[in-house]
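Fold and contact review
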Amino acid sequence: MRDDSFYAAIGGHDTFVRLVDEFYRGVAGDPVLRPMYPEEDLGPAARRMTMFLEQYWGGPSTYSEERGHPRLRMRHQPFKVNPDARDRWLTHMRAAVDSLDLAPLHRAQLWDYLERAAHSLINTFED
């Protein structure tokens, strides 16, 4: 882990935990997204997302150590990720990003990645 990473610059683990916790607060009440999480408790999904984002942004490599290569498209393939699901995901993630006190450049950089990732995971255009 580098001290000059994006991960370190925005506050490290605590910032990513706050981001993901806020995101899953939105998901918990979303009638389209919530069924995509088979576990009764969203905690395991939140932990996986936190580890993934931390690793992506230069933090600990715990995600790969525990789960292997991220393979995001493969991991999301069993779920119907259509434009509506993408837009709902982005709505909850936008609220989560906005809840953080990030510098404008960091907020823009994080949002750019999240938006591109969400678009890349669409795997159907069916309702």
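Anything mentioned here points back to the structure above.
What comes next concerns the included structure. In this text the structure is predicted, and so the values were computed from the model without any measurement.

Below, the discussion takes up the overall build of the protein chain. Check the secondary structure of the protein chain and you find 7 helices and 0 strands. Counting from the amino terminus, the protein chain carries its helices and strands in the arrangement α-α-α-α-α-α-α. Taken against the 2.2 N^0.38 rule, which gives 14 Å for 127 residues, the C-alpha radius of gyration of the protein chain at 14 Å falls within 12% of a compact globule. Each principal axis of the C-alpha atoms in the protein chain carries an extent, and together these give about 45 × 30 × 25 Å. By residue count, 40% of the 127 residues in the protein chain fall in the buried class. For the protein chain, the share of sequence-separated contacts (at least 6 apart) that also reach a separation of at least 24 residues comes to 66%. For the protein chain, the distance from the average site of its 16 positive side-chain charges to the average site of its 20 negative ones is 4 Å.

The rules we used
- Residues numbered from 1 in each chain as written.
- Predicted model: local features only at pLDDT ≥ 70, side-chain atom pairs only at ≥ 80, totals over all residues.
- Heavy atoms only, no water.
- Helix = DSSP H or I, 4+ residues; strand = E, 2+ residues; numbered from the N terminus.
- Rg over C-alpha atoms; globule rule 2.2 N^0.38 Å.
- Buried < 20%, exposed > 50% of the residue type's maximum accessible area, 1.4 Å probe, protein only.
- Contact = heavy atoms within 4.5 Å.
- Lys, Arg positive; Asp, Glu negative; His and termini not counted.
- Charge placed at Lys NZ, Arg CZ, Asp CG, Glu CD.

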